[in-house]
Amino acid sequence: NENNCTAEASIVITADADIPTISIDGASAYCEGATIALVANSSTSGTYSWTGPNGFSASTNTISIPNATADNDGIYTATFVAANGCEASSTITVVVNANPTVEISSNSPVCEGDDVTFNTSSTETLSYSWSGPSGFASTDASPVISGAIMANAGTYTLAVENVATGCGNTFH
């Protein structure tokens, strides 16, 4: 300036070496009706928060969403704020797979000695497990009971599993 005065100032910036990290444990694929269970972990102390599909939010490190539906599909973000104010986030994409559907029919009722034929129809690739009276068991999609007798009368159960997703369903 005009009086030849100068001024100096210094600012010391230090970086906090304790940068937090966060990881998410839990499955990324669930079947309809299952419980979505995710856990956020960090190596230091601090606070957790979650956001997710359809306005989901939580403020714990562990989240549990019972009776999952397709509405729970999407990206979940866990955020961790360490005691020093530093922040870390991690995401996981969750998919909720539909349980398989099957159309089931039979030629029942039949006369004693006739064959009983069960028929199934599905657009999915499924594994089949039939059970019924008199120890009946089959892994065929459409099994046949040859020469039915009175002991074959009763309720039959079909359990199916989607080969690709592992999701199952049971029909009576």
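Heads up: the structure comes first, above all this text.
Computed from a predicted model, the values in this text were never measured in an experiment. (Residues numbered from 1 in each chain as written. Predicted model: local features only at pLDDT ≥ 70, side-chain atom pairs only at ≥ 80, totals over all residues. Heavy atoms only, no water.)

## Details of the packing of aromatic side chains
Then comes step 1: Taken as a whole, this structure holds 6 aromatic pairs when the rule is applied.
Then comes step 2: Ring geometry for Tyr 48 against Phe 80: centres 4.9 Å apart, planes inclined by 55 degrees, an arrangement best described as tilted. You can see Tyr 48 sitting in strand 4 (residues 46-51) and its partner Phe 80 sitting in strand 7 (residues 74-82), a full 32 residues away along the chain.
Then comes step 3: Ring plane angle 40 degrees and centroid distance 6.1 Å describe the contact between Phe 118 and Phe 136, whose orientation is recorded as tilted. Of this pair, Phe 118 sits in strand 10 (residues 116-121) while Phe 136 sits in strand 12 (residues 136-138), and the two are 18 residues apart along the sequence. Taken individually, Phe 118 and Phe 136 each receive the classification buried, so the pair is uniform in this respect. (Phe/Tyr/Trp six-rings, centres within 6.5 Å; stacked < 30°, edge-to-face > 60°. Helix = DSSP H or I, 4+ residues; strand = E, 2+ residues; numbered from the N terminus. Buried < 20%, exposed > 50% of the residue type's maximum accessible area, 1.4 Å probe, protein only.)

## Let's talk about the nonpolar core
Then comes step 1: Ranked by size, the top nonpolar core spans 19 residues in total, and within it Ile 22, Ile 36, Leu 38, Trp 50, Tyr 76 and Val 94 carry the most contacts.
Then comes step 2: Every element with two or more residues in this core is listed here: strand 3 (36-41), strand 4, strand 6 (62-65), strand 7 and strand 8 (87-97).
Then comes step 3: Setting aside residues up to four positions removed in sequence, Ile 36 forms contacts with Tyr 30, Ile 63, Ser 64, Ile 65, Ala 68, Asn 72, Tyr 76, Val 94 and Val 96.
Then comes step 4: Formed by 12 residues, the second largest nonpolar core is a distinct cluster that contains Val 102, Val 116, Ile 145 and Ala 148. (Core = buried A, V, L, I, M, F, W, Y, C linked by side-chain atoms within 4.5 Å. Contact = heavy atoms within 4.5 Å.)

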